[in-house]
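Descriptive analysis of the structure
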Amino acid sequence: MTTRRQKRLYTGLSLILGLAVTVGLILYALSENIDLFYTPSEIIHGKKETGVKPSVGQRLRIGGMVVEGSVRRDPESLKVEFELQDTGPKVIVRYDGILPDLFREGQGIVANGYLREGNVIEAFEVLAKHDEEYMPPDLAEAMKGIKHVKPSENQELGYK
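These figures come from a predicted structure and were not determined experimentally.

Within the protein one finds four helices and seven strands. Walking the protein from its N terminus toward its C terminus, one meets helices and strands in the order α-β-α-β-β-β-β-β-β-α-α. Per-residue burial for the protein yields a buried fraction of 24% across its 160 residues. Considering only residue pairs separated by 6 or more positions, the protein has 50% of its internal contacts joining residues 24 or more positions apart. Put simply, the protein shows about 11800 Å² of open surface, and 57% of that area lies on carbon and sulfur atoms.

Okay, structure coming up:
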């Protein structure tokens, strides 16, 4: 082989090796930041398709309904603990922070956090779902043909 061909071969192999390392690092970084969605039943019993349960310390996203009467707040801090349930078993969610305005018992929520024990999730973010029937006023007006009147306009029209 001539030196020119050797240089081309080494350059090509270097590019392929560099590309393989880059793709490997990207896939590794993505796997660390993926939040898999679970329901409370799937955390306790595992996914229906595979039977795989999340491991302790795994980052995950959980969705379910806040159980009535389960919300416990710490009077000294912003710590909140509540139970989450779908159709099966309950899991406990612990959160330290300000809850969304729409958060209440019996409401559907999604929480991002880490599995700390078999049925305890330490959340770093809690998102409350709004009512499925909610519709922005502009869209409701377009669909129903009903004019949305702002409160300031109600006073001008003589409404109280």
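Moving on: the pairing of strand β4 (residues 79-85). Only one face of β4 is covered, namely the one carrying V80, F82 and L84; the face carrying K79, E81, E83 and Q85 has none of its residues buried. Sheet topology note: the strand β2 (residues 59-66)/β4 ladder contains two bridges and is antiparallel. By the bridge assignment for β4, V66 is matched with L84. Two strands pair when backbone bridges link them, and strand β3 (residues 72-73) and β4 are joined in this way by two bridges, in the antiparallel orientation.

Within the secondary structure layout, R61 lies in strand β2. The class for R61 is partly exposed, based on a relative accessible area of 32%. Separated by 2.7 Å, the side chains of R61 and N112 make a polar contact.

For the rest of this paragraph, the subject is the pattern of salt bridges. The full count for this structure, using the stated rule, is four salt bridges. We note a salt bridge from R72 to E81, for which the minimum N-O separation is 2.7 Å. Note on R72: relative accessible area 39%, which makes it partly exposed. Across the pair K90 and E83 runs a salt bridge, and its minimum N-O distance is 3.8 Å.

Right, let's talk about the confidence of the model for the protein for a bit. Caution applies to low-pLDDT regions: their predicted coordinates should not be interpreted in detail. On average, the protein scores 80 in pLDDT, and the residues at 70 or more come to 77%. In this model, residues 145-149 is a region of pLDDT below 50 whose contacts with residues beyond four sequence positions or in other chains number seven contacts.

Positionally, G51 belongs in the loop between α2 (40-45) and β2. For G51, a relative accessible area of 42% translates into the label partly exposed.

What follows deals with a nonpolar patch on the surface. On the surface, L19, V23, I26, L27 and L30 cluster together to form a nonpolar patch covering roughly 480 Å² of accessible area. L27 gets classed as exposed once you look at its relative accessible area, which sits at 54%.

Now for the pairing of strand β6 (residues 108-115). For β6, a buried count of seven out of eight residues is recorded, marking the element as mostly surrounded by other parts of the structure. Pairing geometry for β2 and β6, over seven bridges, is antiparallel. Within β6, the residue paired with M65 across the bridge is G108. In the sheet, β6 pairs with strand β7 (residues 120-128) via seven bridges, with the strands oriented antiparallel. Paired with N112 across the strands is E125, a residue of β7.

Scoring rules and cut-offs
Residues numbered from 1 in each chain as written. Predicted model: local features only at pLDDT ≥ 70, side-chain atom pairs only at ≥ 80, totals over all residues. Heavy atoms only, no water. Helix = DSSP H or I, 4+ residues; strand = E, 2+ residues; numbered from the N terminus. Buried < 20%, exposed > 50% of the residue type's maximum accessible area, 1.4 Å probe, protein only. Contact = heavy atoms within 4.5 Å. Areas by Shrake-Rupley, 256 points an atom, 1.4 Å probe, with all protein chains shown as cover. Pairing = 2+ DSSP bridges. Polar contact = N/O pair within 3.5 Å; in protein donor to acceptor, adjacent residues only side chain to side chain. Salt bridge = Lys/Arg side-chain N within 4 Å of Asp/Glu carboxyl O. pLDDT = per-residue confidence, 0-100. Patch = residues over 30% accessible without salt bridge, like charges linked within 9 Å, V, L, I, M, F, W, Y side chains within 5 Å.

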